[in-house]
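Close look at the chain arrangement
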Amino acid sequence: MKILIVGGGGREHTIAWSLKKNPEVKKLFAVPGNAGMEKIAKCFPDIKATDFDKILLFVKANKVDLTIVAPDDPLAGGLVDLLNENGFRAFGPVKEAAQIESSKAFAKAFMQKYDIPTAKYEVFDDYVEAVKYALSCKQPLVVKADGLAVGKGVIVCKNTRESKEALDLLMLEKKFGSSGDKVVIEEFLEGQEITVLAFTDGKTIIPMVSSQDHKRVFDGDEGSNTGGMGAFSPSAVYTQAVAKEFSDKIMKKTLEGLNKEGIIFKGVLYFGLMLTADGLKVIEYNARFGDPETQVILPRLKTDLLDIFNACIDGTLKNIKIEWEKDACVCVILASGGYPGEYQKGLPIKITKPDDGILFFHAGTANDAGRLVTSGGRVIGVTACGKNVKEAREKVYANVGKIKFDNVHYRTDIGIKKN
Ligand code: AMP
Ligand code: GLY
């Protein structure tokens, strides 16, 4: 069986590693992939995840049996639709379903309509009205670009000055282009953030094990928001009672709502949750696996990932029992110094052999004529499993020093959350 993975981050490396456990997976391709994925997949660094025409030609020419579309941009742009229309099998939601991530205004209206708990909000396409409203609200406040903005379109504002600056940035300066034509202004939620991913075939939805991401760049949750500096699974605050609340008040209602809208979502639905004093609320939906969450979730999966992907596509998920290891997993991201702002690329990376069981999932790495070099903000994730988060954490931090490049930055408190 020939499989193509679209994307080139730590998430895609983890998916490739997980699929490769199935002996039927004879050939893996990745576009663009990364230097770490090259060990298990043939990578094509010149084909971007959004080069739809090239990807379609590639799938035809190489007789690819299944394409996994992992990142947000190609899902939002309709790559799964294009492949399906041309008779090819693909894993991931179609464009209409991916809207749940690609338009925050759509997601908020959807939650309101189906009574799914979320932060109170208003949507604006007029700058003057938006500023007037923001200044009248209780602060802190959260200002969000409606569209995709490479994970940076959400600004948490401490006071009215910052709220106005955020609106200036998104609506006047158009920092994220047309993504800021419309903005969502919403109430700031306090609590612990939990990620729950779920597999769905549009009729059945099965949650995966819980995880927590560390979004801020520095220890103690200081500094800018990033794509995620590390993650751990399971979440200690995701108790059985919280899981039930999630299932009854959020997950099932989301699937029912999608069905009522006539939307068939097949793939992975990402629930970004906040456990507030007032109950569990949805911060955001994503239409895909999270990164770095995937790096701590898939290593715990006992069931074959390819079987699950096929069941999601074929609408037979109800026949599958998904099983997980009891272990906990922790992932620490080694990033380029300066990320999520400016950073240098092309720095040589030296890796020494890690302890047994340690996983290195690559993201921003490239092969420069045989030399391993940095090529992105998040460079490599170091993952370890253990009998609990504490043990997994100790194993990870005993191994982060085995990867060396200039200006490396990582958080030293991954796996520890203040209550
Ligand atoms: P999003 O892209 O919507 O997940 O937002 C990115 C991050 O901003 C989230 O993971 C939260 O840390 C933070 N955030 C978003 N919305 C809120 C909110 N209403 N209250 C508090 N923090 C938020
Ligand atoms: N880690 C957050 C995300 O994948 O969107």
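Residues numbered from 1 in each chain as written. Chains lettered and ligands numbered in written order. Predicted model: local features only at pLDDT ≥ 70, side-chain atom pairs only at ≥ 80, totals over all residues. Heavy atoms only, no water.

Section: the nonpolar core
Within soluble globular proteins, side chains that are nonpolar tend to cluster in buried spots. As a reminder of what qualifies: Residues belong to a common nonpolar core when they are buried Ala, Val, Leu, Ile, Met, Phe, Trp, Tyr or Cys residues joined through side-chain atoms within 4.5 Å. Burial status follows relative accessibility: with a 1.4 Å probe on protein chains alone, a residue under 20% of its type maximum counts as buried, one over 50% as exposed, and anything between as partly exposed. The way it works is that DSSP assigns letters per residue, a run of H or I at least four long becomes a helix, a run of E at least two long becomes a strand, and they are numbered from the N terminus. It only takes one pair of heavy atoms within 4.5 Å for two residues to be counted as in contact.
In terms of nonpolar packing, the biggest core is built from 48 residues, with L4, F246, F271, L273 and Y285 touching the most fellow members. With 6 residues, helix α9 (residues 240–260) is the single largest residue contributor to this core. Excluding residues within four positions of it along the chain, F271 makes contact with I194, T195, V196, A198, I205, F246, I250, M251, T254, E284 and Y285. M37, A231, I322 and C385 belong to the second largest nonpolar core, which has 43 residues in total.

Thoughts on the sheet that holds strand β7 (residues 141–145)
Test applied: Strands are labelled as partners when DSSP assigns at least two bridges between them. Each axis is a line fitted through C-alpha atoms, and for a helix only the stretch in contact is used; angles between axes span 0 to 180 degrees, taken between their N-to-C directions.
Spatially, β6-β9-β7-β8 is the arrangement adopted by the 4 strands of the open sheet, whose pairing is antiparallel. Of all strands in the sheet, those with a lone pairing partner are β6 (121–124) and β8 (154–157), marking the two edges. Ignoring which end each strand starts from, the neighbouring axes of this sheet average 20° apart. One ladder, built from 5 bridges, connects β7 with strand β9 (residues 183–187); its direction is antiparallel. Of the residues in β9, the one forming a bridge with A145 is V183.

Description of the site of ligand 2
How we decide: Proximity is defined per residue: if any heavy atom of the residue lies within 4 Å of a molecule or strand, that residue is considered near it. We call two N or O atoms a polar contact when they sit within 3.5 Å, provided that within protein one can donate a hydrogen and the other can accept it, with sequence-adjacent residues counted only if both atoms are side-chain atoms. Only the protein chains shown count as covering a residue, and every accessible area follows the Shrake-Rupley method with a 1.4 Å probe.
In the vicinity of ligand 2, the contacting residues are D213, K215, G227, Y270, N286, R288, G290, D291, P292 and E293. Here a nitrogen atom of ligand 2 and a backbone polar atom of G227 are 3.2 Å apart. In the environment of ligand 2, an oxygen atom lies 2.9 Å from a nitrogen or oxygen atom belonging to the side chain of R288. Relative to its unbound accessible area of 200 Å², ligand 2 is 91% covered by the protein chains.

A look at the packing of helix α5 (residues 95–102) against helix α6 (residues 104–113)
We apply this condition: Between 65 and 115 degrees an angle is taken as roughly perpendicular, under 35 as roughly parallel, over 145 as roughly antiparallel, and anywhere else as oblique. In the scheme used here, Gly and all other residues not listed as nonpolar or charged are polar, with Ala, Val, Leu, Ile, Met, Phe, Trp, Tyr, Cys and Pro taken as nonpolar and Asp, Glu, Lys and Arg as charged.
Two elements in contact, α5 and α6, have axes whose closest approach is 6 Å; the angle formed by their N-to-C orientations is 90°. Considered as vectors, α5 and α6 are oriented roughly perpendicular to each other. When α5 is examined against α6, the residues Q99, I100, E101 and S102 are found in contact with a partner set consisting of K104, F106, A107 and F110. Grouping the amino acids of the contact of α5 with α6 by side-chain chemistry returns 4 nonpolar, 2 polar and 2 charged.

With respect to α9
Put simply, the rule reads: One less than the residue count of a helix, multiplied by 1.5 Å, gives the span that helix is expected to have. The bend reported for a residue corresponds to the angle between axes fitted to the seven residues ending at that residue and the seven starting there.
For α9, with 21 residues, the first-to-last C-alpha span of 28 Å sits near the 30 Å given by 1.5 Å per residue. Along α9, the helix axis deviates most sharply at S247, where the bend reaches about 40°. Where α9 is concerned, the buried positions are V242, F246, S247, I250, M251, T254, L255, G257 and L258. If you follow the buried residues of α9, they end up packed against α5, α6, β10 (192–200), β11 (205–207), β16 (267–276) and β17 (279–286). Positive backbone phi, at 80°, marks G262, one or two positions downstream of α9.

Details of the side chain of R393
Put simply, the rule reads: Within this scheme the basic residues Lys and Arg register as positive and the acidic residues Asp and Glu register as negative, but His and the chain ends are omitted. What counts as a salt bridge is simple: a side-chain nitrogen of Lys or Arg found within 4 Å of a carboxyl oxygen of Asp or Glu.
Among the structural elements, R393 can be located in helix α12 (residues 389–397). Despite its burial, R393 pairs with no opposite charge; the closest candidate is E394, at 6.4 Å N-O.

Let's talk about the site of ligand 1
In the vicinity of ligand 1, 15 residues are found, and the nearest of them are E186, E187, L189, E193 and E284. Separating an oxygen atom of ligand 1 from a side-chain N or O atom of E193 is a distance of 2.5 Å. For ligand 1, an oxygen atom lies 3.4 Å from a polar atom in the side chain of K215. Here ligand 1 loses 91% of its free accessible area of 470 Å² to cover by the protein chains. Elements with a minimum of two residues in the shell around ligand 1: β7, β9 and β17.

Quick word on a positive patch on the surface
Short version of the rule: Residues enter patches when they are more than 30% accessible in relative terms and free of salt bridges; like-charged ones are connected within 9 Å and nonpolar ones (Val, Leu, Ile, Met, Phe, Trp, Tyr) within 5 Å. In plain terms, the charge of a residue is placed at NZ if it is Lys, CZ if Arg, CG if Asp and CD if Glu.
Together, K2, K20, K26, K27, K42 and K63 give the surface a local cluster of positive charge. Assignment of secondary structure puts K27 in strand β2 (residues 27–32).

Things to note about unusual backbone geometry
Cis peptide bonds are those with omega within 30 degrees of zero, and the linkage from Q139 to P140 qualifies with -5°. Within the secondary structure, P140 is located in the loop between α7 (127–136) and β7. A cis geometry characterises the amide bond from Y339 onward to P340, with omega recorded as 10°. Despite not being glycine, D221 shows a phi value in the positive range, around 55°. Secondary-structure assignment places D221 in the loop between β13 (216–218) and β14 (222–225). For D221, a relative accessible area of 35% corresponds to the partly exposed category.

Quick word on the packing of helix α1 (residues 10–19) against helix α11 (residues 305–314)
In contact at an axis separation of 8 Å, α1 and α11 are set at 105° when each is read in the N-to-C sense. Accordingly, the angle class assigned to the pair α1 and α11 is roughly perpendicular. Residues I15, S18 and L19 of α1 lie in contact with α11, whose contacting residues are L305, L306 and F309.

Considerations on the pattern of salt bridges
Counting across every chain of the model gives 24 salt bridges. Between D213 and K215 there is a salt bridge, with its nearest N and O atoms 3.7 Å apart. Salt-bridge contacts for E394 lead to K390; the nearest nitrogen and oxygen are separated by 3.1 Å. One end of the pair is E394 and the other is K390, both in helix α12 and 4 residues apart, which spans about a single turn. By sharing partners, the salt bridges in this structure join K108, K144 and E186 into a single network.

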